[in-house]
Amino acid sequence: MREDTKKISVLGLGAMGTAIARAWRGAGYGVTVWNRTVGRAEALVGEGAEVAGTAGEAVAASGLVVVCLLDDASVGEVLADADLMGRDLVNVTTSTPGQARRRADWAGARGARYLDGGIMAVPPMIGVPDSGAYVFYSGSPELFADHRDALAVPAGTRYVGEDAGSAALHDAALLSAMTGMFAGVSHAFALMRGSEAAPREFAALLVEWLTAMAPSANGVATHLETGDYTLGVTSNLVMMVEGNGTLLRTAEEQGISPELLSPFMALMERRLAGGHGDEGTTGVIDLLLR
Ligand code: NDP
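All of these numbers come straight from a predicted model, not from anything done at the bench. (Residues numbered from 1 in each chain as written. Predicted model: local features only at pLDDT ≥ 70, side-chain atom pairs only at ≥ 80, totals over all residues. Heavy atoms only, no water.)

## Thoughts on the site of the ligand
Move 1: Close to the ligand lie 22 residues; M16, N35, T37, R40 and T94 are nearest.
Move 2: Contact distances for the ligand include 3.3 Å between an oxygen atom and a backbone N or O atom of G14.
Move 3: Between the ligand and T94, the relevant distance is 2.6 Å, taken from an oxygen atom to a side-chain nitrogen or oxygen of the residue.
Move 4: Burial of the ligand by the protein amounts to 77% of the accessible area it has alone, namely 900 Å².
Move 5: The cavity where the ligand resides is the second largest pocket.
Move 6: Across the shell around the ligand, the residue classes break down as 11 nonpolar, eight polar and three charged. (Near = heavy atom within 4 Å. Polar contact = N/O pair within 3.5 Å; in protein donor to acceptor, adjacent residues only side chain to side chain. Areas by Shrake-Rupley, 256 points an atom, 1.4 Å probe, with all protein chains shown as cover. 1 Å grid on protein atoms, 1.4 Å probe; cavity = no way out; pocket = protein on both sides within 12 Å on 5 of 7 lines; lining within 4 Å. Sits in = over half its atoms within 2 Å of the grid points. Nonpolar A, V, L, I, M, F, W, Y, C, P; charged D, E, K, R; others polar.)

## Some remarks on the pairing of strand β5 (residues 88-91)
Move 1: Every second residue of β5 is oriented toward a common face, with D88 and V90 on one face and L89 and N91 on the other, all of them buried.
Move 2: Summarising the sheet, strand β4 (residues 64-67) and β5 pair through four bridges and their orientation is parallel. Paired with V67 across the strands is N91, a residue of β5.
Move 3: Between the parallel elements β4 and β5, the chain passes through helix α4 (residues 72-79) in a crossover that is right-handed.
Move 4: Regarding topology, helix α5 (residues 97-109) serves as the crossover connection from β5 to the parallel strand β6 (residues 113-120), and that connection is right-handed. (Buried < 20%, exposed > 50% of the residue type's maximum accessible area, 1.4 Å probe, protein only. Helix = DSSP H or I, 4+ residues; strand = E, 2+ residues; numbered from the N terminus. Pairing = 2+ DSSP bridges. Right-handed = clockwise from strand over helix to strand, strands pointing away.)

## A few points about the nonpolar core
Move 1: Counting 32 residues, the largest nonpolar core has W24, V33, V90, V92 and I126 as the members making the most contacts within it.
Move 2: If you list the elements that add at least two residues to this core, you get β1 (7-11), α1 (15-26), β2 (30-34), β4, β6, β7 (134-139), α6 (141-146) and α7 (148-151).
Move 3: With six residues, the top contributor of residues to this core is α1.
Move 4: Here V92 is in contact with I20, V66, V67, C68, G117, I119, V135 and Y137, once residues within four sequence places are set aside. (Core = buried A, V, L, I, M, F, W, Y, C linked by side-chain atoms within 4.5 Å. Contact = heavy atoms within 4.5 Å.)

## Quick notes on helix α8 (residues 166-192)
Move 1: An ideal rise of 1.5 Å per residue puts 39 Å on 27 residues; α8 measures up with 39 Å between its terminal C-alpha atoms.
Move 2: Those residues of α8 lying buried are S166, A167, A168, D171, A183, H187 and A188.
Move 3: One or two residues past the end of α8 sits G194, with phi positive at roughly 90 degrees. (Expected span 1.5 Å × (residues − 1).)

In structure tokens form, the structure reads like this:
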């Protein structure tokens, strides 16, 4: 262990950085904070946090340095003049996998161990037991092991490998799936607009249905692991592409644009045209690979 693990510096006091710093302060950690707009540190100072005059001073104050800034560019700007030698840098700023890997190299060249984080939570979930909040971490396994207890304070931890880009990749994959779900939900509400069903009643049906359908991801995993995309398929592409026609005609009848659905449906049709009618939708993944 490098330094006093009960001391943490947090750089970046937006909604998320403030929530994280507050969770550590509440758990009795000595917390030093820094933010570009100084006034945002006031509440935390009232809760016993130290405020550093510069980012460099914040970095110097603790062995464990956590940055939670807007984006990767702001991380580079804020830490440009800081002496990172011997520090443990944990960057929970949302980044791409490539940015995270470059940031890890950058930190390593400055003598710091590096862990990248992807936060799977919104600020009100931070520091709340059983809220379901967690953070994907990847990068230095030694850093993760040395600060495991501290890192588990604001949210659960999931270490996903030594490749610094892995946390960002997991984060982006889950958020991408969520984006697709939001698209489907938006289309569904658009269809139902003007119907007799109240939005709240329909929302309950949607939640129930999407929850029932979510485990289908396990079937996709089986296909990818075995290479057999027909295993256990009960709804095949022939049937689903036919069904798509009904969904599109319903959208037309209701006066709703199909633009959120049609890209995925076009891929299903291409896979079917390739002679894969006995598969489910797993083959679409192959069509996406560039
Ligand atoms: P905010 O917009 O609330 O805060 C942004 C922070 O970045 C502020 O501290 C801001 O400083 C600072 N900042 C921005 N640009 C610069 C710069 N050029 N130089 C110095 N400081 C800068 O964002 P959040 O706190 O919500 O988000 C922080 C990170 O957490 C992001 O990467 C976000 O993706 C991630 N995250 C956020 C979630 C959320 O729901 N909020 C959920 C999951 C991840 P200043 O106060 O001076 O403007």
